[in-house]
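# Notes for the structure review
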Amino acid sequence: MSLLTIRNLTVRFATSTGSFTAVDGIDVHVDAREVLAIVGESGSGKSVSMLAVMGLLPDTATVTADEMTFDGRDMLTMSAAERRRLIGREITMIFQEPIASLNPSYTAGFQIEEVLRLNAGLSSREAKARALELFQAVGIPEPERRLKSYPHQMSGGQCQRVMIAMAIATKPRLLIADEPTTALDVTIQKQILDLLMTLQEEQGMGLILITHDMGVVAETADRVVVQYKGKRMEEADVLTLFEAPKHPYTRALLSALPENAVDGRLPTVSDFLIEEAPR
Amino acid sequence: MIVVEGESLTQDYVISAGMFGKPKMLRAVKGASFSVEQGKTLAIVGESGSGKSTLARIIALIDPASGGTLRIQGEPVAIGSGRVPPALRSKVQMVFQNPYGSLNPRQKIGDVLMEPLMLNTDMPASERHDRAEAMLKRVGLGPEHFNRYPHMFSGGQRQRIAIARAIMLNPALLVLDEPVSALDLSVQAQVLNLLGELQQEFGLTYVFISHDLSVVRFLADEVMVMNKGEVVEQGSREALFADPQHPYTRQLFAATPVTDIEAIRARVARRKARLAS
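A short tour of the structure in this document, coming up. Small disclaimer: the values here were computed from a predicted structure and weren't measured.

Let us look at the overall build of chain B. Helix and strand counts for chain B come out as 10 helices and 10 strands. Considered along the principal axes of its C-alpha atoms, chain B spans approximately 75 × 55 × 40 Å. Per-residue burial for chain B yields a buried fraction of 49% across its 277 residues. Nonlocal contacts in chain B, meaning residues at least 24 apart in sequence, comprise 68% of its contacts between residues at least 6 apart. Carbon and sulfur atoms make up 51% of the accessible area of chain B, which totals about 13,000 Å².

Here we take up the packing of helix 3 (residues 109–120) of chain B against helix 5 (residues 155–167) of chain B. Helices that pack against each other are described as a pair by the angle of their axes relative to one another and the distance between those axes. Residues and elements named next belong to chain B. At a closest axis distance of 8 Å, the pairing of helix 3 and helix 5 adopts a crossing angle of 25°. Regarding the angle of helix 3 to helix 5, the classification is roughly parallel. When you trace helix 3 past helix 5, the crossing you get is right-handed. Of helix 5, the residues touching helix 3 (which contributes Ile-109, Val-112, Leu-113 and Pro-116) are Ile-161, Ala-164 and Arg-165. Here the residues of the contact of helix 3 with helix 5 are counted per class, giving 6 nonpolar, no polar and 1 charged.

A word on empty space enclosed by the protein. Evaluated as defined, the whole model comprises 1 cavity of 30 Å³ or more. Approximately 30 Å³ is the volume attributed to the largest cavity. Elements with a minimum of two residues in the lining of the largest cavity: helix 8 (186–203) of chain A together with helix 10 (261–276) of chain B.

Once that is clear, we can look at the sheet that holds strand 10 (residues 230–236) of chain B. All names here are of chain B. The 6 strands lie next to each other as 6-7-8-3-9-10, forming an open sheet whose pairing is mixed. Unpaired on one side and paired on the other, strand 6 (92–95) and strand 10 mark the two borders of the sheet. Strand after strand, the sheet turns through a mean of 15° between neighbouring axes, direction not considered. Looking at chain direction, strand 3 (residues 41–45) and strand 8 (residues 205–210) are connected through 5 bridges and run parallel. Residue pairing for strand 8: Ala-43 is matched across the bridge by Phe-208.

Residues and elements named next belong to chain A. Spatial strand order, 7-8-9-3-10-11: 6 strands in an open sheet with mixed pairing. Every other strand in the sheet has two partners, leaving strand 7 (91–94) and strand 11 (231–237) as the edge strands with one partner each. Here the average twist between neighbouring strands, direction ignored, is 15°. The pairing of strand 3 (residues 35–39) with strand 10 (residues 223–228) spans 4 bridges and is parallel.

Time to look at the interface of chain B and chain A. Each side of the interface is counted separately: chain B has 35 residues, and chain A has 41 residues. Summing both partners gives a buried area of about 3,200 Å² for chain B against chain A, and 55% of it is carried by carbon and sulfur. Scanning the region where chain B abuts chain A turns up 4 salt bridges. Its salt-bridge partner being Asp-222 of chain A, residue Arg-271 of chain B comes within 2.8 Å of it at the nearest N-O pair. The interface formed by chain B and chain A includes 18 residue pairs in polar contact (both at pLDDT 80 or more). For the side of chain B that touches chain A, the elements supplying multiple residues, two or more each, are helix 6 (185–202), helix 7 (213–219), helix 9 (247–255) and helix 10 of chain B. Across the side of chain B that touches chain A, the residue classes tally to 16 nonpolar, 12 polar and 7 charged.

Take the environment of Pro-64 of chain B next. Residues and elements named next belong to chain B. On the secondary structure map, Pro-64 appears in the loop between helix 1 (52–59) and strand 4 (67–72). The sequence separation of Pro-64 and Ser-81 amounts to 17 residues, and the corresponding C-alpha distance is 8.7 Å. When neighbours within four sequence positions are excluded, Pro-64 is seen to be in contact with Gln-11, Ile-79 and Gly-80.

The rules behind these values
Residues numbered from 1 in each chain as written. Chains lettered and ligands numbered in written order. Predicted model: local features only at pLDDT ≥ 70, side-chain atom pairs only at ≥ 80, totals over all residues. Heavy atoms only, no water. Helix = DSSP H or I, 4+ residues; strand = E, 2+ residues; numbered from the N terminus. Buried < 20%, exposed > 50% of the residue type's maximum accessible area, 1.4 Å probe, protein only. Contact = heavy atoms within 4.5 Å. Areas by Shrake-Rupley, 256 points an atom, 1.4 Å probe, with all protein chains shown as cover. Axes fitted to C-alpha atoms, helices over the stretch in contact; angles between N-to-C directions. Parallel < 35°, antiparallel > 145°, perpendicular 65-115°, else oblique. Left-handed = near helix turned anticlockwise from the far one by under 90°. Nonpolar A, V, L, I, M, F, W, Y, C, P; charged D, E, K, R; others polar. 1 Å grid on protein atoms, 1.4 Å probe; cavity = no way out; pocket = protein on both sides within 12 Å on 5 of 7 lines; lining within 4 Å. Points joined across faces, edges and corners; volume = space filled by probe spheres on them. Pairing = 2+ DSSP bridges. Buried area = accessible area lost by both parts, 1.4 Å probe. Salt bridge = Lys/Arg side-chain N within 4 Å of Asp/Glu carboxyl O. Polar contact = N/O pair within 3.5 Å; in protein donor to acceptor, adjacent residues only side chain to side chain.

Okay, structure coming up:
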């Protein structure tokens, strides 16, 4: 069953030199209980397309789509109030910079309790108890003490766990993770990915993972969408994508992995695609 | 010939010093010993807080070590007092992780490349200009880029410029601190290829700092694994990747994502089984 369906999503930004198309007619759908990876390099529009779903783009952006439905509800025509009930409750998101995503002036406990009071409708007392449970669920060591800690007193990995705790606080049906481990060390990355996958299976959420890292894709995804310069290049289940990539750009990305080097040299994208010359 | 050699190098930082009482010290590098032959690459691997960048700064003659001996081409160097002599500075150069931060935004690319020559040699201006242009071409840019500013370049192009600047003085040793970690995969491949070509062409010796084991496997001859300031394991790339000895090295290997088809097939099968039950 399709949870989120997007057809022909286009995002344009008004700039001083005219309009710039960041996302150019992308189709995305994710099923309940499915892990979808959207992979691409900088400028592929992978983050912008999901920010458009969340309504987090600045006013300079124009978002159009033929269809954008969540669980059968039309997100394009719904009222602002309806949308607010959806975003942050049924669809939540975590970001690349965990330390920057938290408010430095409030404790981690205050911030998660705020989510629980406003979005899950709990009383302060219930929120306190639930916050502790959530901190335990995401594996934060010394959860009682960490509830009283400020973001700067925690490591990047711990802050990302706090972000995940906040994101699953409302038992969302879809979690969007935008490069959740890019700023973290490899051993911490492994822990966070394992945590996301465990939570995804336990809670039966859909998970959209935005990443540039083919390794992360290989370790997590059910299905993969490859984007390049705002367009979708290829969509396949994870095994097919790695085993028999169809699009030249996907082949280029895979062969640019250092582990796939031939005779001490790495093939580059320009070996596969004929691109316009750099400015 | 051995280009760079370290003997139980240590680095201490004062983390708190009051007016009274003993200052608190942190030993960021706890005795690193290594030697690198000409034309070879030593990769230093570790996570944040491992001391790998601290060690890189010692080797690149930016910070003096608190203890131990550093030898460049057999000569012991002591940079604790005074300026690094130009002859020594031109032997050792460094490339940093962030190509956006390591170039002066108000300096044209041509001037970026000519400055090392101006400071360390008494070459006439016309020759400096010619050499800078030739170097631009060598790293895959053109003479039309000479008068442009850093913001007009992409991250990969900027890293090429930083590499060009580092080899302007024909150094013997290049210290590269995570030079490709800020770059996209396809650009990373181009820069890694460029580094390989330059090493062959100029007989450069590299000390390559990285957290990415797949990059290390691609270009290293020798590998040194650091954790919390300590060198936990070092050896040839073949030996280390074939049979890692230290538990921390094994932990790093286990955490690194694999893109191997069989591994993906096994993971997908495990997941299907879990979801079915």
